[in-house]
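# Secondary and tertiary structure notes
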Amino acid sequence: MEGIDLSETVVYRGFRMESKWHYLGWKRPFSIEFADHLKKEYGKSRSYDHLLIWTPSARAGRHVLNELFGPKESVAEAFHPPRLVTPARFVRSLLPDDGSIATETQCLYAWKRVLELADPSGLEAVFPVIPRENKSAWAFTVGQQLMRLRGRLAEDQWDFRKIASQQLPQDLKRWSTLGRLEQAYLEELSSHGLEDPECVLERILTAEISPQPYSVLMVAGVLNMSQRQAACMRALAARGLEIEFYLPIPEEQRDAFDALGRPEKDLWEKEPLPETLIKNCLQRSPEPRELVEQILELSEDYGGEVDSLVVGSPERDLADYLIERSRLTKTPYYAPEGRALAETSWGRLIGLINDWQKSGQLATLFNLLNHDLFREWAVHQGLDILRLQGAIQSILKEQLLKTSRQLLDNGLGPSKSIGLVREGIELLDAQGFNQRGRGGFAENLWKLLRQVAISQQLAPESLNSLRQIEELLQDIQAGFENARLTESDWWELLNFQLTNTQFYPERSEDERPVSGWLELPWECAPHIVLLSLPDSQVPGPKVLDSFLTPLLCRSLGLYGPDELAAFHAFRLRLILESRKQWGRVDILLPDRGLDDSPVLPTRFLFLADETCILNRVETLLGERSLEEDPLPAEFGTRLQPPPMPEFEKISVTALRTYLNNPFHFYLERLNYLSPPEALPREVDAMAFGQLAHTVLEGLNSREDGISLLKEKEIVEFLLTGLDEQVLSRYGSRIPVSLQIQVSSLAERFRAAAGHIARERQSGWIPEKAEWVFHKDLDFRIGGIRLRGVVDLLEKNEESGQYRIVDYKTSDKAADPARKHLTHPNARSREPLLPECDFLDGKKTARWTDLQLPLYQKAVELLTGEIATCAYFNLSKAVGEIGILEWATTEAQREAALQCAEAIVKQIQTERFPLEGNSSYEDPWLKWFGGDYERNLHPDWVAKQGGKDS
């Protein structure tokens, strides 16, 4: 009977606790059933203030809130009743915040000190081999392992000394040694006036815990509650809190769970899976990429119904592949799990700075110069990166010098390469990149990071990760303010925090989640697809920790591999049961992994009764007809690009895209796809440019801006406008990293103001700002309407001449003539179209961009006049800021129109030649297996005539 409520007295480890049990059944996803129960019980009053709800994860709580309030309202309701929290987080919230409790880094440093000072002969039972050199790094690594092990044991109310006291025959010496180390660790903390958080929690849970403002604790779902969490629940019950368990099972399954609502071992992992549940669910494939393609096709069928389909994968590598591959489609996926700060671009930069400061190896300097963030900073400092890297390679090739110290101190004769590298190293010295131990560690490192950040425009994700690192540095500095740490200690502690602190990129609304295995039972989507269920992940290895063997776990009653197997077996059963009538489950099983290694399906799929076991084994492991090469080198299956949409309009910038790469035009401009990025972009030039354009638009369109002629007034107007835009976009509390970016733009405005003032004083006055010319003109190319936005159209008061100004916020100043035209030679490739080349005076010229000549034609259609044109460069180097004009000829303007018409004709006939050997890094190419022609559908390639050679 589902939905039944039973009140009973639970006796667990000698403690009697009144509790109420609700069996909500498994016919629908548990999030929906549980939310419906809450609305039924409290929906009229909407009074959830007294409810404390424990869920297995924050994402599970989010699903409940979505069902209670709706996806949009739940964002606001997340900070209001009911309170949904994981048991672990609730228990940790009981720790006092008075500075007396050691932080993670302080605990790690204490372990490091104990291990470093311990007598090696007394550690042989645990660590037979201890390095004689670099013992500090070894102590940090082992300290992390012991800290995690101790935290794991504390969840089941054990510690090293307590296990040693049991006098177990297995590993008695090992645990006795660990017990002595643990005692020394606690004494090390105490000597600094600190307490271990695990000991404090144990003391808190034996005392009285105030349940205010709650009167009911709801344990929602199957949580695998630890002994510490159970102790917390008992302490709350002792203070009068009502305890209620909500399980996603029918009532007849109640005996298959223990007194804490956990699956009983030796039951679920041996219970046969009914054939009716998986008969039509299983699908095998020799290669995982084929399954990914099927998922993407299915996603397109669902279209905008993002919440109707959820994909789950216990295998992280395969989930990552699905996410990256999906970025080629209109249905992108994302991973709800964060990634370590150490894996972000800023985290990798910190690692390279550490390597350079420690070793001074020229090879490390070469790698540092390859890092995008550092490279931008170095260019801003005036370094010629390519020449410098070439010089380093030349020196390393000769194998005479390997470190910066050897190079600076060498007595060799003069060398162009050595001189160039020496200048680079001296610049790094001057900026502090080689300084160690001067001033505070965190302060010095932040100064270096700030230097790098201020030299470029940063994407929002990059800014957010930088802000997290800033806060992390502040926390470490505060925790060791009075400690005498070596530079090596600082780096080890920082690396620990970077590795263990998660960064969560923001999700866009059209992205679907790739859910983790533990989250799937809480998903509300009617259709679930399980992408691979390898036995190596579900239930996982038989030994969870080298110290916690299965035998030890059984002897001490610890939560171990046996309990975990029951937990995973029930989870699979729950997923299947919850979609039996209400939705659908598909289980996609690849025979091999991405690395071509064999993949064995989870043992739980082999659970069957005698009547169907043979068929089940045949389905999962039987012979199947495979292609000759089950893992072809192609990028998955041959890709058929989407059909060409209606072609009724084209922008000026889209014409440039076609000139550069017709296939990119087809993907990006006609089908609105974006080139995928394996990592978040570090520089969002578009957002930075839009901010600059918006401020300049005010100067050129508002009356109080147009009338300004003096440099000082223009500076004041631009900076005020910048402050207003930043306030409206980002609010009043601006992080330091964003302030760096705003300061950089303000410097460019200060330098530009003088040029603007001089131009206005010579008669150039704004006529139209951000002119959307297709709203005023019916400008057509080959019958297709041309669209475009002119940044600024000026008119000279004295001569009546018009001028087109295009603002450029790129790193370096650009020359408009060189941006639009090149001059091919005998070694140049054939033009994309014959109309791309024309005779410009006595030389052949080739179009690479048509922007300004087409803008000139638009102005001519409006005014009847031929306007001049120019770039206004707002580059990083202040000395390069200013106007560069281009006096186009009649032949150039006529040739530009002919080229545009030829491009439009190519598009109308659906001709998008594939790029041959490109001279630049193609952001799309690697996502087509490095070869367009080989991995695109043959019919589509043939229609385009193969590669454009």
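Described below are features of the structure shown in this document. Here, residues in each chain are numbered from 1, in the same order as that chain's written sequence. Only residues with pLDDT of 70 or above have their local features reported here, since the model is predicted, and side-chain atom pairs are shown and tallied only from 80 upward, although totals for entire chains, interfaces and linings are computed over all residues. As a rule here, side-chain values come from all non-hydrogen atoms in the structure, and water together with hydrogens is ignored.

### Observations concerning the sheet that holds strand β14 (residues 584-590)
Sheet strands pair by backbone hydrogen bonding; their relative direction is either parallel or antiparallel. As a reminder of what qualifies: Any two strands with at least two DSSP bridges between them are considered paired. Only DSSP runs of H or I reaching four residues or more are called helices, and only runs of E reaching two or more are called strands; each is numbered from the N terminus. Whether two residues touch is decided by their heavy atoms; if any such pair falls within 4.5 Å, the residues are in contact. Simply put, an axis is a line fit to the C-alpha atoms, just over the touching stretch for a helix, and the angle between two N-to-C directions goes from 0 to 180 degrees.
Strand order in the open sheet made by the six strands is β7-β14-β13-β8-β12-β9, with parallel pairing throughout. Strand pairing shows two members of the sheet lacking a second neighbour, β7 (282-285) and β9 (333-334), which therefore form its edges. When β9 meets strand β12 (residues 512-515), the two strands line up parallel, connected through two bridges. Along β12, the bridge assignment pairs Tyr-334 with Pro-513. Strand contacts of helix α12 (residues 288-302): β7, β8 (309-312), β9, β12, β13 (527-531) and β14, with the helix running at about 165° to β13, the strand carrying the most contacts.

### Some thoughts on the packing of aromatic side chains
Worth spelling out the cut-off: Aromatic pairs are defined between Phe, Tyr and Trp rings, using the six-membered ring for Trp, whenever the two ring centres lie within 6.5 Å; interplanar angles under 30 degrees are classed as stacked, those over 60 as edge-to-face, and all others as tilted. Only protein chains enter the calculation, and the probe is 1.4 Å; a residue is then buried if its accessible area is under 20% of its type maximum, exposed if over 50%, and partly exposed in between.
Under the definition given, this model contains 28 aromatic pairs. Here Phe-665 and Phe-912 contribute two aromatic rings whose centre-to-centre distance is 6.3 Å and whose plane-to-plane angle is 20°, an arrangement assigned as stacked. Within this pair, whereas Phe-665 is found in helix α27 (residues 662-670), its partner Phe-912 is found in the loop between α34 (890-908) and β26 (914-915), the two being separated by 247 residues in sequence. On the basis of relative accessibility, which here comes to 1%, the residue Phe-665 falls in the buried class. Between the aromatic rings of Tyr-666 and Phe-912, the centroid separation amounts to 4.7 Å while the plane-to-plane angle is 50°, which identifies the pairing as tilted. Here Phe-912 lies in the loop between α34 and β26 and Tyr-666 lies in helix α27, a separation of 246 residues in the sequence.

### Some points on the layout of surface pockets
Basically, it comes down to this: Buriedness of a pocket was judged along seven lines, with at least five required to meet protein on both sides within 12 Å; pockets are open sets of points on a 1 Å grid over the protein atoms alone, cavities are sets where a 1.4 Å probe fits but cannot get out, and lining residues have an atom within 4 Å of a point. Grid points are joined across faces, edges and corners, and a volume is the space filled by probe spheres set on the points. The classification used treats Ala, Val, Leu, Ile, Met, Phe, Trp, Tyr, Cys and Pro as nonpolar, Asp, Glu, Lys and Arg as charged, and all other residues, Gly among them, as polar.
Of the voids in this model, the second largest pocket is the one considered here, and its volume is about 820 Å³. Only α4 (87-92), α5 (104-117), α6 (135-155), α9 (197-206) and α22 (487-500) provide two or more residues apiece to the lining of the second largest pocket. Counting residues per element, the lining of the second largest pocket draws most heavily on α6, which supplies five residues. Residue composition of the lining of the second largest pocket, by class: eleven nonpolar, four polar and nine charged.

### Description of helix α10 (residues 227-238)
The test is simple: Helix span, as expected, comes to 1.5 Å for every residue beyond the first.
In this model, α10 (twelve residues) spans 16 Å end to end at C-alpha, consistent with the 16 Å of a helix rising 1.5 Å per residue. For α10, the buried fraction is high: eleven of the twelve residues fall into the buried class. All of the buried residues in α10 are Gln-227, Arg-228, Gln-229, Ala-230, Ala-231, Cys-232, Met-233, Arg-234, Ala-235, Leu-236 and Ala-237. Count one or two residues on from α10 and you reach Gly-240, which has phi positive near 100°.

### With respect to empty space enclosed by the protein
It is the rolling of a water-molecule-sized probe over the atoms that shows where space remains empty. Short version of the rule: Note that domain bounds follow an automatic or database assignment of domains.
Throughout the structure, instances matching the rule amount to seven cavities of 30 Å³ or more. Approximately 110 Å³ is the volume attributed to the largest cavity. Sort the elements by how many residues they give to the lining of the largest cavity and helix α24 (residues 561-578) lands first, with four residues. Of the residues belonging to the lining of the largest cavity, the class tally is ten nonpolar, one polar and one charged. Of the domains in this structure, domain 1 (6-94 + 209-263) and domain 3 (275-336 + 508-621) are the two that each give at least three residues to the lining of the largest cavity.

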